[in-house]
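# Descriptive analysis of the structure
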There are 2 protein chains.
Amino acid sequence: MKKIPYKIYLTEEQIPTKWYNLRADMKEKPAPMLNPQTGKPASLNDLYPVFCEELAKQELDDNTAYIDIPEEIREFYKIYRPSPLIRAYNLEKALDTPAKIYYKFEGNNTSGSHKLNSAVAQAYYAKKQGLKGVTTETGAGQWGTALSEACAYYNLDVIVYMVKCSYEQKPFRRAIIETFDGKVYPSPSNTTNAGRKILEKKPNTTGSLGCAISEAVEKAVTTEGYRYVLGSVLNQVLLHQSVIGLESKKAMEMIDEYPDIIIGCAGGGSNLGGLIAPFMKDKLTGAANPRIIAVEPASCPSLTRGKFAYDFCDTGKITPLAKMYTLGSEFLPSANHAGGLRYHGMSPVLSKLYHDGYMEAVSVEQTKVFEAAVLFAKHETILPAPESAHAIRTAIDEAIKLKESGEEKTILFGLTGTGYFDMIAYDSYLNKTMTDYIPTDEDLKKGFDLLPNINM
Amino acid sequence: MKKIPYKIYLTEEQIPTKWYNLRADMKEKPAPMLNPQTGKPASLNDLYPVFCEELAKQELDDNTAYIDIPEEIREFYKIYRPSPLIRAYNLEKALDTPAKIYYKFEGNNTSGSHKLNSAVAQAYYAKKQGLKGVTTETGAGQWGTALSEACAYYNLDVIVYMVKCSYEQKPFRRAIIETFDGKVYPSPSNTTNAGRKILEKKPNTTGSLGCAISEAVEKAVTTEGYRYVLGSVLNQVLLHQSVIGLESKKAMEMIDEYPDIIIGCAGGGSNLGGLIAPFMKDKLTGAANPRIIAVEPASCPSLTRGKFAYDFCDTGKITPLAKMYTLGSEFLPSANHAGGLRYHGMSPVLSKLYHDGYMEAVSVEQTKVFEAAVLFAKHETILPAPESAHAIRTAIDEAIKLKESGEEKTILFGLTGTGYFDMIAYDSYLNKTMTDYIPTDEDLKKGFDLLPNINM
C-alpha cells in the first residue's frame, strides 16, 4: 500500500464553492437571538444597523444548507488555502499509539490562525455593501490581525478594540494590525460611552472581550458607513468556517479515511463549529457516528460548567440576547489564563448540539495544555497557539487511551494556529511559573446570578 | 489556457533526492579556505575538530555535482516541504506591471525561514556521527530557532550563542529556542575565552555575529562530543539550500516557465546560493542566461562595496580564512540596522561568481525595504521578514522598470521567511522613527585596514 504523505493538499480548484450551514440539518434549531429591548426574536431589521445586510441574512438563515462562496472570496481563499491536512506520523511514534492522528493546520497565513476564513468573508460583504469600514474587538489578537489583513486587501477601514491586557502584553500584535492599516484602541477606551462607563466604575480594569464587544458595536452603530463584525460565536462565522471541515472531509476521502474521533478547541466555537460541520451533518443525518469532542480551558468552562440560558453577548448589554452555554456576561477568566478561549459564552449552534447530546466536552488545565504543546512542537515541528494546544492535549489523551485499549482508531483534530505571539506564555511554562486555576462553584455562581431572567 | 494557480506545490515524492553542488560546474573554483596557523589550504583533518566529518567532506568537495540526500533528512523535509512557489498575482496587479512575478516562500515552518533546510542536514549528520551536541551562533534568531528545532527532532543537544543586542531585543526568539530545549547564551558571554576577552576590552558591547562565531567554535572544540555548525556562508550550507532552487526550477517547469530575472537577499548567502543553484548551473553550462541579482542592505554592503580578499570568518580569528567579499571581520552594521543580513563577509562561492561576472549585486536602504514589505503584505497577505523584504524591494523595482519598458518578463525571487519576530522594526517604520545609514568610505576603510595580508 502506498504510504499516505505527511501533508494532504487539495488543489485550489478543490476549495469548496459553497459553505455548509449546519443549522439546516438540525431537526431542533438553536433558539433565536432576542432583541434586548422587546424580548422578541431579532429580525433582519433589528440586525441591519449592526451587521452588513448579507451577513445578517446568513445569521438568521436556519434553512439553506449550502450557500455559495462568492468568487471574490474564493480568489482570496486561493492565496492561502487549501490548508494542509497533516498526518502526525511523528507524534504517533512518540506516543507509541496505534491511533492514526490527523490535524488540519490553519496557521500557514500571516494572521496565524483560521480566523482569516471568516474575516475575508465579512470584509468582502462590507465592501460590497459600499461601507467605509468595520469595527471589531480582539482578545489574543488573531482575529484583529485576520480582519485587518482582509480589510487591507479589500481596501476597507477597520477599527479594532483590543482587550487592554492584551494590548499591553502583546505590542507586536498591535503592530501587525497597524501594518495592515488597522486602527487599534485598548479597551476599555474613552472613545465610546460603554468604555467610559466601565472606566469610571473600574479605572484599573484590564478589560474583557465582553467590554470590547460593547465598544465595537457602539462605535459601529454611531459611525456613518460602518458596521460591526465578530470573529466567533455567531452563526455566520460558523458558516464561513465550515470551509475547514469541508476541506478536511474531502482530503480524508482522498486517502480513504474517516475520523472516529474529532477534536477541536472551543472558545466562542468558530474553529470547532467549522471543523465538525460536515461530520456533524453525517451524525445528524445518521450517515455516520463519529465522536466529537469540544475542548475548553478549565479556567473558562462554559460548556462543561456553564448554564444553558439566554444571556448577553457583551458586558454593556447592548447586543441581542443569545441562548447558549454561558458563565455570565461579566465572567472573566483568572489573570493567569494565557491566550484566547476566554469568552463567557459558546456559539448557540454548538450549545444546542451539545445540549442535545451530539457532542462531548472536556476541560483541560493550562500547564497540561502547554506540556502537550511542547511535546507536539518537538515532534511535529510546529509551535502551536495555546488555543490549538487544547485540542492537542485531548488528542494526545485519546491516543494514549487507544494505546491502552489497543484500538487503531482515526483521530482528526483542528490545529487552529501558531504560537509565535504567545512566547510570554511559553516562557512561563518553561520557567515553571505558569499556574492553573479552576474557578470554584462560588466564583461561577456570581456570574449565574446576573443572568437575565428569560425562559424560552 | 488554464490559469496558473496562486501556489504551485510539488508532491512530497518530488522533493529532490540529491542536493546540487554548484562548485562542480564552476570552471574556476572558489579559492580554498586557509588554515590560519599554517596559511595553507585547510585539509579535512584541519576541519574535523570543528565540523562533523560528513559536513567537512561536503565543505571541501568542489567536484561532486549531486550529493544524495539521506532518507532520514528527506523524511524531515517532507514534514514542511515542498515549499510553495507562489504567483504574485496581487502584487503584479498593484504594480500594474506586465512582469510575471513568482516567489518561493520558505516561511511556512516554525523556524520561520529557509534556515531549517540546512539545520536538518547538519543536525542529522551530527547525530549520525554519534555526537552529543552542537554549538552555533545566531543573530536575528532564525538560524538558532531552526537548529534547535532540528536538534529536538534528532534528540541532540544544542548551545546557541545569540548576539547580545538580539538576545535583549528578541526575548521571544530566545524563548522559542528554549522551547526546543536549546541552551541560549547572550554573546559575548563569560563561558569562553573569546567572549571574556571581548568583554574585558569592551564591557558594554552589544555583540556581533563574528564574536558569537568565535565563542561557538571555541565551545565546540573544547567540549567532548560537540562540533560547531553554521547557518550560512559555508559551501555545505549552500549545498543543502540548493533544495530551494531545485524545487523552484521543477515547479516552474511544471507551468512552462523559466525566470528571466532571479532575485535573492544576501547576507552570508545561504538563501541566494540555494535559490540560484540550478539556474546558475544553466548559466555556467551555457544552457540559459538569466539575470541573477543579489540584494544586500546599504548598511552592510559586502558585495557592492567590500574587498574581494582573504579574511577571517570571525572576530576572534580562530576560524579558517576564506576568500570572499568582505568589509573586514570587525565590521558592524550601524545600530539602526534591523534584522539579519549583518555579516561582514559573503559566501566564497557567491563571491567568486560575482567576481567573475555571473551575477549582479545591488544595495538597498532599509526604509525603502520596509516600504516594499508593507506593500507586499497588504497585497500578498504575507508579512515578510526584513531580510526577505530586500528581495521584494528589488523585485518591485525591476517590475516597475519592466512596466516602463513594456516587457513581459518573468521574475523569480526568494521569500525566505516571515517577520513575526520583527515587529519592533515594523513599528519603527510605521512610526517614521526608522532611519537609514550608509557607511562612509572612511568607515569602510577602517575595516579594510585590518584585513590579513594574504595574496592568493
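For the structure itself, look to the data block above.
The structure reproduced in this document is the subject of the present report. (Residues numbered from 1 in each chain as written. Chains lettered and ligands numbered in written order. Predicted model: local features only at pLDDT ≥ 70, side-chain atom pairs only at ≥ 80, totals over all residues. Heavy atoms only, no water.)

### Looking at the interface of chain B and chain A
To keep it simple, the criterion reads: In what follows, a contact means two residues having at least one pair of non-hydrogen atoms within 4.5 Å. Once two parts are brought into contact, the accessible area they lose, counted with a 1.4 Å probe and summed over both, makes up the buried area. Basic side-chain nitrogens of Lys or Arg form a salt bridge, by our definition, when they fall within 4 Å of a carboxyl oxygen of Asp or Glu. Polar contacts here mean pairs of N or O atoms no more than 3.5 Å apart (in protein, one a potential hydrogen donor and the other a potential acceptor; neighbouring residues in sequence count only if both atoms are side-chain atoms). Numbered from the N terminus, helices here are DSSP runs of H or I no shorter than four residues, and strands are runs of E no shorter than two. Under the convention adopted here, Pro, Cys and the residues Ala, Val, Leu, Ile, Met, Phe, Trp and Tyr are nonpolar, Asp, Glu, Lys and Arg are charged, and Gly plus all remaining residues are polar.
Facing 43 residues of chain B, the contacting portion of chain A comprises 43 residues. Buried area between chain B and chain A, both sides added, is near 4000 Å², and the carbon and sulfur share of it is 58%. Ranking the residues of chain B by area buried against chain A places Lys378, Thr381 and Tyr420 of chain B at the top, with a combined share of 17%. Between chain B and chain A we count 8 salt bridges in total. Across the pair Lys378 of chain B and Asp181 of chain A runs a salt bridge whose closest N-O atoms are separated by 2.7 Å. Taken together, the connections running from chain B to chain A amount to 25 residue pairs in polar contact (both at pLDDT 80 or more). Counting residues per element, the side of chain B that touches chain A draws most heavily on helix α8 (residues 171-179) of chain B, which supplies 6 residues. Here the residues of the side of chain B that touches chain A are counted per class, giving 23 nonpolar, 7 polar and 13 charged.

### Topic: the relation of the copies chain B and chain A
Note the threshold: Least-squares superposition aligns the copies on the C-alpha atoms of those residues with pLDDT at or above 70 in both.
Of the transformation placing chain B onto chain A, the axial shift is 0.0 Å and the rotation is 180 degrees, giving an RMSD of 0.0 Å. Seen this way, the second copy is the image of the first under a two-fold rotation axis. If distances are taken from each C-alpha of chain B to the rotation axis, the shortest is found for Asn108 of chain B, at 3.0 Å. By residue overlap, the copies meet face to face through one surface: 100% of the interface positions of chain B are interface positions in chain A.

### Overview of helix α14 (residues 348-355) of chain B
All names here are of chain B. To be explicit about the condition: Buried residues are those whose accessible area, probed at 1.4 Å on protein chains only, stays under 20% of the maximum for their type, while exposed residues exceed 50% and partly exposed ones sit between those limits.
Burial runs high along α14: 7 of the 8 residues are buried. Within the sequence span of α14, burial applies to Pro348, Val349, Leu350, Ser351, Lys352, Leu353 and Tyr354. Buried positions along α14 lie against α11 (235-254), α12 (270-285), α13 (302-305), β12 (307-312), β13 (321-326) and β14 (360-364). At the C-terminal side of α14, Gly357 shows a positive phi close to 85 degrees.

### Concerning the sheet that holds β14 of chain B
All names here are of chain B. What counts, and what does not: The pairing criterion for strands is at least two bridges between them, as found by DSSP.
Strand order across the open sheet formed by 7 strands is β1-β4-β5-β15-β10-β11-β14, with mixed pairing between neighbours. The sheet is open, and its two borders are formed by β1 (7-8) and β14, each paired with just one other strand. The sheet contact formed by β1 and strand β4 (residues 85-87) spans 2 bridges and is antiparallel. By the bridge assignment, Ile8 is partnered in β4 with Leu85.

### Some remarks on unusual backbone geometry
Of the consecutive residues Arg81 of chain A and Pro82 of chain A, the connecting peptide bond is found in the cis state with omega at -10 degrees. Position of Pro82 of chain A relative to the elements: it lies in the loop between α3 (71-80) and β4 (85-87). Of note in the backbone geometry, Lys317 of chain B takes a positive phi value of approximately 60 degrees without being a glycine. Positionally, Lys317 of chain B belongs in the loop between β12 and β13.

### A word on the packing of aromatic side chains
One pair of aromatic rings is described through two measures. These are the centre distance and the angle between the planes. All names here are of chain A. In plain terms, the rule: Centres within 6.5 Å are what make two rings of Phe, Tyr or Trp a pair, Trp counting through its six-membered ring; a difference in plane orientation under 30 degrees is then read as stacked, over 60 as edge-to-face, and the rest as tilted. Any Lys NZ or Arg CZ found within 6 Å of a ring centre and within 35 degrees of that ring's normal is scored as a charge over the ring.
This model, assessed by the stated rule, comprises 43 aromatic pairs over all chains. Ring centres 6.2 Å apart and planes at 70 degrees place the aromatic pair Phe376 and Phe413 in the edge-to-face group. One end of the pair, Phe376, is in helix α15 (residues 366-380); the other, Phe413, is in strand β15 (residues 410-415), and 37 residues separate them in sequence. When sorted by exposure, Phe376 lands in the same class as Phe413, which is buried. Cation over ring: Lys3 sits above Tyr89, and NZ or CZ is 4.4 Å from the ring centre. Over the ring of Phe421 we find Arg173; its NZ or CZ atom is 4.2 Å from the centre of that ring.

### Let's talk about α8 of chain B
Residues and elements named next belong to chain B. Counted residue by residue, α8 has 7 buried out of 9 residues, so it is predominantly covered. Phe172, Arg173, Arg174, Ala175, Ile176, Ile177 and Thr179 are the residues of α8 that are buried. Where α8 ends, the next residue or the one after it, Asp181, has phi of about 70 degrees, a positive value.

### Let's talk about a positive patch on the surface
What counts here: Note that patches include only residues with greater than 30% relative accessible area and no salt bridge, and the join distances are 9 Å for like charges and 5 Å for nonpolar side chains (Val, Leu, Ile, Met, Phe, Trp, Tyr). In these tables, accessible area is a Shrake-Rupley quantity obtained with a 1.4 Å probe, and a residue counts as shielded only by the protein chains included in the view. Positive: Lys, Arg. Negative: Asp, Glu. His and the chain ends are not part of the count. To locate a charge, take NZ of a lysine, CZ of an arginine, CG of an aspartate or CD of a glutamate.
A surface patch of like charges, here positive, comprises Lys197, Lys201, Lys202 and Lys317 of chain A. Turning to its location among the elements, Lys202 of chain A is positioned in the loop between α9 (193-201) and α10 (209-221).

### A word on the side chain of Ser334 of chain A
All names here are of chain A. In this fold, Ser334 is placed in the loop between β13 (321-326) and α14 (348-355). Residue class for Ser334 comes out buried when judged on its relative accessible area of 18%. Separated by 2.6 Å, the side chains of Ser334 and Asn336 make a polar contact.

### Overview of the sheet that holds strand β6 (residues 133-138) of chain A
All names here are of chain A. As a reminder of what qualifies: In this analysis an axis means a line fitted to C-alpha atoms, helices contributing only their contacting stretch, and an angle means the value between N-to-C directions, from 0 to 180 degrees.
Here 4 strands make up an open sheet; going across it, the order is β8-β7-β6-β9 and the pairing parallel. Each of the sheet's edge strands pairs with one partner strand only, and the pair in question is β8 (183-187) and β9 (226-228). Taking each pair of neighbouring strands and ignoring which way they run, the sheet shows an average axis angle of 25 degrees. Pairing of β6 with strand β7 (residues 157-163), which is carried by 6 bridges, proceeds in the parallel orientation. Each bridged residue has a counterpart across the sheet, and for Thr136 the counterpart in β7 is Val160.

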